[in-house]
Amino acid sequence: MLRKILNFYLLSSIIFYLGFLFLLPSKEYYFLYFSMFFMSLFYFFVLHNYKVSQKSLNYITIIFISSLFWVILYNYISFYYTGNFFVFSYIDAQSYDITSQRMSNMPFKEGLNYASNYLSIDDMGAPLFISTCYRIIPSNLFVNFIYILLGLISAYSLYRISKEFMSIKYAKLCSIAFALSSYVIYYHSSGLKESIMIMLIILFFNYYYQFLKTNKLKHLFLSIFIALLFILFRIPIIFFIIAAVFVNALVGIKNIKVRIPLVVLAIILFITLYSFFQHSINRYLLGGDITRLFIAREEESMIKGGIRFTYLTNILSQFLGPLPTILPTQEKQILAFYAPGLFFRCFISIPFFLGIVYAIKNKDKLLYPMILFALFEMISLISIIEGLELRKSLPHLPFIYIIAFYYMDMYDLNKLNTRKYLSPIKINFLLILIFIIILVWNLRTEISIYHI
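Residues numbered from 1 in each chain as written. Predicted model: local features only at pLDDT ≥ 70, side-chain atom pairs only at ≥ 80, totals over all residues. Heavy atoms only, no water.

> Summarise the pattern of salt bridges; cite the residues concerned and give the values.
Under the definition given, this model contains seven salt bridges. When the shortest N-O distance is used, the salt bridge between Asp92 and Arg391 registers 2.6 Å. Of this pair, Asp92 sits in helix H4 (residues 92-104) while Arg391 sits in helix H20 (residues 390-393), and the two are 299 residues apart along the sequence. Residue Arg234 pairs with Glu194 through a salt bridge whose shortest N-O separation is 3.5 Å. In this pair, Arg234 sits in the loop between helix H11 (217-228) and helix H12 (236-251) while Glu194 sits in helix H10 (residues 194-214), placing the two residues 40 residues apart along the sequence. Residue classification places Arg234 among the buried residues on the basis of a relative accessible area of 6%. Via salt bridges that share partners, Asp92, Glu194, Arg234 and Arg391 belong to a single interconnected network. (Salt bridge = Lys/Arg side-chain N within 4 Å of Asp/Glu carboxyl O. Helix = DSSP H or I, 4+ residues; strand = E, 2+ residues; numbered from the N terminus. Buried < 20%, exposed > 50% of the residue type's maximum accessible area, 1.4 Å probe, protein only.)

> Describe in detail helix H18 (residues 349-361), supporting the description with residues and values.
Compared with the 18 Å implied by 1.5 Å per residue over 13 residues, the 18 Å span of H18 between its first and last C-alpha is a close match. Listing the buried residues of H18 in full gives Ser349, Ile350, Pro351, Phe352, Leu354, Gly355, Ile356, Tyr358 and Ala359. Following H18 by one or two positions, Lys363 adopts a phi angle in the positive range, close to 50°. (Expected span 1.5 Å × (residues − 1).)

> Break down helix H2 (residues 30-49) for me, citing the residues and quoting the values.
End to end, H2 covers 28 Å across 20 residues, agreeing with the expected 28 Å (1.5 Å per residue, within 8%). All buried positions along H2 are accounted for by Leu32, Tyr33, Ser35, Met36, Phe37, Met39, Ser40, Tyr43, Phe44, Val46 and Leu47.

> Talk me through the environment of Ile242; I want residue IDs and the actual numbers.
Structurally, Ile242 can be placed in helix H12. The exposure class of Ile242 is buried, given its relative accessible area of 10%. For the pair formed by Ile242 and Ile268, sequence separation is 26 residues and the distance between their alpha carbons is 10.0 Å. Excluding its chain neighbours within four sequence positions, the residues that come into contact with Ile242 are Ala266, Leu269, Phe270 and Phe277. (Contact = heavy atoms within 4.5 Å.)

> With reference to specific residues and values, describe unusual backbone geometry.
Even without being glycine, Phe88 reaches a positive phi, approximately 65°. Tracing the backbone shows Phe88 in the loop between helix H3 (59-82) and H4. A positive phi angle is found at Lys363, which is not glycine, with a value near 50°. Residue position: Lys363 is located in the loop between H18 and helix H19 (368-383).

> Account for the side chain of Asn206, with residues named and values stated.
Along the polypeptide, Asn206 turns up in helix H10. Once residues lying within four places of it in the same chain are set aside, the contact partners of Asn206 are Ser157, Arg160 and Ile161.

Put into structure tokens, the structure is as follows:
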């Protein structure tokens, strides 16, 4: 199945990038456009040709060299078009840079006071981290390099989780596929907080699974400490973690000595952090007033074609994507960087959902926490009409890759009755259907651009 998806990914990339070339609104974006096309070809080549052998390069080495190359290219593209290295992220990345520069010129305690006075608590994490890097070398390019190293930690942790559920080859391929996704590389390049956040969420689940495997309290304490750090980045993630752990402890863990402490701990954490949750709910749901939420989304141009159509596209985007947008425009250059990785993410939505069904049918309960976490976040983003936002979806994307590669490993090693689960013909049909959905999405986007 993986080879079929990769071949379809290659064919789709060629068709889309060559077919949409004539719809480019301006020749000035040729460099960016063809760079992303090359990114698609490169991504296919690495995944298609990777082999687990003594002669082949270590997967971490591949990820490091590739990430370094693409981060350099992304920054060159940014400087070529804008004269800076923020990769078209003018608001947040520049804000983090300015705030971090100021904090790095202060004593640490004074810088901490400055951040607490001028930033909300869930926006303090990135400036604290970046300003610490600036105390060594005051350059956002240095931060990009540090983010590449964080990406290696994420990749290794993702591999450690994956190898508990699949063969070594597929665990490494899963790690490479996520770590070299174009959107992950983008966040390494831009100086935003997502690279830190991705690492923390993967590390949490890594230590959580180590605790379930060994019952060692140090792993539990490390996972709790990491979870608490999300107060400085995105508070709702803690809620999804607690909910996933709580539900899994009730239905997925038979060992009473593990189940009871986890349930009690989840309840204690929820009660302790309730004020943070309430603050976050008020911030994201605008006080829980659905009318105000709709008005705000309309002002942000996030409601198009009516409420029902907007919810439909959000549902579709969450369960298949977010959907890739191929063409860069004056307002949407960032979306072009996401597209090569999102193509692949759309196609692996098939084994992802089949993997959920397979895990439940076979009572593979160790997978439940990741499944629950992903589903909880998907549903929450749909409910607040944020399903089209890649930044909001990033925390659960690593687990979509794990579940998808878990199923593809079973499928490709003939551990499944393919007729019972999904025949090759049906898989081809679903891949073509996803291709058509992406095509319609991009054509509709183009029509709306020219209409404007």
